[in-house]
Amino acid sequence: MFVSDFRKEFYEVVQNQRVLLFVASDVDALCACKILQALFQCDHVQYTLVPVSGWQELETAFLEHKEQFHYFILINCGANADLLDILQPDEDAVFFVCDTHRPVNVVNVYNDTQIKLLIKQDDDLEVPAYDDIFRDEEEDEEHSENEKDDGPEPSEKRTRLEGLEEEIVARTMKRRERREWEARRRDILFDYEQYEYHGTSSAMVMFDLAWMMSKDLNDMLWWAIVGLTDQWVQDKITQMKYVTDIGILQRHVSRHNHRDEDEENALSVDCMRISFEYDLRLVLYQHWSLHDSLCNTCYTAARFKLWSVHGQKRLQEFLADMGLPLKQVKQKFQSMDSSLKENLREMIEESANKFGMKDMRVQTFSIHFGFKHKFLASDVVFATMSLMERPEKDSSGTDNFIQALDSLSRGNLDKLYHGLELAKKQLLATQQTIASCLCTNLVISQGPFLYCSLMEGTPDVALFSKPVSLSLLSRHLLKSFVYSTKNRRCKLLPLVMAAPLNAEQGTVTVVGIPPETDSSDRKNFFGRAFEKAAEGTNSRTLHNYFDLSVIELKAEDRSKFLDALVSLLS
């Protein structure tokens, strides 16, 4: 059921309890977790934190801890599947679910006792009515009881025979009604569950809770900003939704970071401050060189077509148009001449408009720690993402999770800088992989969708076995492909991408990306399509991730799985 008063029905309930916190492996979940941890610290709430990367880990962790806890909080996991069916908990267990995955499972919505959904009701949820999907079984039971009655007395036989015909007609009508209701129910559920999409950032929901209780701090506000920016970086929400939510957060930023310019209210040197920026759409440019950032930002790389010689020439023309010397552009941004940096945004925007890039600047926020450290929200997203999805030769998934969580604290700037270095490697590998896929024509049209498969032995292929990294690569590849192809039909197609996961077990990760159009509502139909294709061909798949459009598949079953997908979507 949906919780209407988060403070009374959620926070005050868990305040005096020991709670278990399940947190999914994505940046928005980490930010929501940081806000909740800060609130729990204020009120001395005892909690245990368990990171979970998929349904299997969630089940295992729940079985391990269920005896010690009655209250469970799930962040960015659990809303889009029947939780009680998966976890089989005791009747006194209560689950508070704060999840951006949509659609929300109908059983979770209509369970009043054990499932409490911490989800904003103003999101466009469109949950079907209770009577359309659930039906009382009492009437059917009554019929079966009547049939079990003892045989009638001889004197009653005639009257019973007359009534029997009416009863048979009534029962036939009831069965027909039931069949019609079931068919209607199937259609309603199909329409409701067909597309997967994302709602309001969990970090924003948690910040709202902190604000309602007057316990919101500048740190919490920054985490809410990073959570929202994560959704935007990964194309989980529409541009409209992003701009709306930015507006909400901007009011909070003004409230928290408002200072008069007189001496009494001047900020101390080591103070943290957040400011609204209308900044460049270039990844990590303040921590890299401008040239590297232009080459490794999907927005610019796709539009310049940097995988081709002609594209490289266009980039040189672009730099020449701005009048920036190559020596300046190729050195670290911090070392550039301050006279050039002053008007850099305006110069880049002006030249970008001439080259057909109208959206070169974007609404975002930056954070300053003293005078030395400045980060854009997207910088922190890329750094945290890279720390969390490092290849696990060096460390376990839990270690990566803890490192990523720590990097969000302002006391751990060394970890954040380490994350930025990893992010640069990841972005370089992404653009190199895109270039090789496009130059060797690895993106092929299968009819209703485009398909691309990374082979074992491809450089840096290990970096793309994790779901977030592979999804980001797939999105960037699709955007670049749309700019490179002359085939109009292909520009409107979605993409299915596969990358090797485990060579010993012979498994691949498969991800489905919706079509790349300006009017795209970011809804993804691949989750249900993957399930149907796997069922229809008995392909050995594992639907373990919280995002339904990412699955694991046995490499041997790939061809029959793809054939089924083609016929399903044709």
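Scroll up for the structure.
For clarity, every value in this text was computed on a predicted model and none was experimentally measured. (Residues numbered from 1 in each chain as written. Predicted model: local features only at pLDDT ≥ 70, side-chain atom pairs only at ≥ 80, totals over all residues. Heavy atoms only, no water.)

Enquirer: What is the right way to look at the overall build of the protein chain in this model?
Expert: Counting its regular elements, the protein chain contains 23 helices and 16 strands. The C-alpha atoms of the protein chain give 27 Å as radius of gyration, which agrees with the globular expectation for 570 residues (25 Å, within 12%). Expressed as lengths along the three principal axes of its C-alpha atoms, the size of the protein chain is roughly 110 × 60 × 45 Å. Looking at the 570 residues of the protein chain, the share that counts as buried comes to 52%. Long-range contacts, defined here as pairs at least 24 residues apart, represent 71% of the contacts in the protein chain between residues at least 6 apart. For the protein chain, the exposed area adds up to about 27200 Å²; of that, 48% sits on carbon and sulfur atoms. With 65 positive and 91 negative side-chain charges, the protein chain shows a separation of 8 Å between the mean positions of the two kinds. (Helix = DSSP H or I, 4+ residues; strand = E, 2+ residues; numbered from the N terminus. Rg over C-alpha atoms; globule rule 2.2 N^0.38 Å. Buried < 20%, exposed > 50% of the residue type's maximum accessible area, 1.4 Å probe, protein only. Contact = heavy atoms within 4.5 Å. Areas by Shrake-Rupley, 256 points an atom, 1.4 Å probe, with all protein chains shown as cover. Lys, Arg positive; Asp, Glu negative; His and termini not counted. Charge placed at Lys NZ, Arg CZ, Asp CG, Glu CD.)

Enquirer: Help me out: how do you make sense of the pattern of salt bridges in this one?
Expert: It is possible for side chains of opposite charge to pair when their charged atoms get near one another. Across all of its chains, the model carries 20 salt bridges by this definition. When the shortest N-O distance is used, the salt bridge between Arg410 and Asp219 registers 2.8 Å. Of this pair, Arg410 sits in the loop between α19 (397-407) and α20 (413-439) while Asp219 sits in helix α10 (residues 218-233), and the two are 191 residues apart along the sequence. A relative accessible area of 43% places Arg410 in the partly exposed class. The partner of Arg345 in a salt bridge is Glu277, with the nearest N and O atoms 3.3 Å apart. Of this pair, Arg345 sits in helix α17 (residues 344-354) while Glu277 sits in strand β8 (residues 272-280); the two residues are 68 residues apart in sequence, bridging distant segments of the chain. Residue Glu277 is classed as buried on the basis of its relative accessible area, which comes to 10%. In the salt-bridge network here, residues are joined through shared partners; they are Glu277, Asp279, Arg345 and Lys374. (Salt bridge = Lys/Arg side-chain N within 4 Å of Asp/Glu carboxyl O.)

Enquirer: Help me out: how do you make sense of a negative patch on the surface in this one?
Expert: Taken together, Glu67, Asp90, Glu91 and Asp92 make up a surface patch of like negative charges. Among the secondary structure elements, Glu67 is positioned in the loop between α3 (55-65) and β3 (71-75). (Patch = residues over 30% accessible without salt bridge, like charges linked within 9 Å, V, L, I, M, F, W, Y side chains within 5 Å.)

Enquirer: Please explain the packing of α10 against helix α18 (residues 377-388) as it appears in this structure.
Expert: Geometry of a packed helix pair, given as the angle between the helix axes and the separation of the axes. Here α10 crosses α18 at 75°, and the two axes come no closer than 9 Å. Put simply, α10 runs roughly perpendicular to α18. Residue-level inspection shows Trp222, Ile225, Val226, Thr229, Asp230 and Val233 of α10 in contact with α18, the latter providing Ala377, Ser378, Val380, Val381, Phe382 and Met385. Among the residues forming the contact of α10 with α18, the class breakdown is 9 nonpolar, 2 polar and 1 charged. (Axes fitted to C-alpha atoms, helices over the stretch in contact; angles between N-to-C directions. Parallel < 35°, antiparallel > 145°, perpendicular 65-115°, else oblique. Nonpolar A, V, L, I, M, F, W, Y, C, P; charged D, E, K, R; others polar.)

Enquirer: Any chance you could explain α19 here in plain terms?
Expert: One full turn of an α-helix is made of 3.6 residues, so residues set three or four places apart face in the same direction. For α19, the set of buried residues is Asn400, Phe401, Ala404, Leu405 and Ser407. Viewed end-on, α19 has its buried residues packed into an arc of 160°, placing them on one side of the element. On its buried side, α19 packs onto β1 (18-24), α2 (27-42), β2 (46-52), α18 and α20. (Arc of directions from axis to C-beta.)

Enquirer: What am I meant to see in the sheet that holds β8 here?
Expert: Backbone-to-backbone hydrogen bonds pair the strands of a sheet. The strands run either parallel or antiparallel. Strands sit in the order β8-β9-β10 across an open sheet of 3 strands; the sheet is antiparallel. Whereas interior strands pair on both sides, the edge strands pair on one side only; in this sheet they are β8 and β10 (373-376). For this sheet, the mean angle separating the axes of adjacent strands, direction not counted, is 25°. Here strand β9 (residues 361-369) runs beside β10; their pairing, made up of 4 bridges, is antiparallel. Following the sheet pairing, Ile367 is matched in β10 by Phe375. Contacts between α10 and the sheet are confined to β8, β9 and β10, with β8 contributing the most and set at about 25° to the helix. Most of the contacts of α18 go to β10, to which it runs at about 85°, and overall it touches β9 and β10. (Pairing = 2+ DSSP bridges.)

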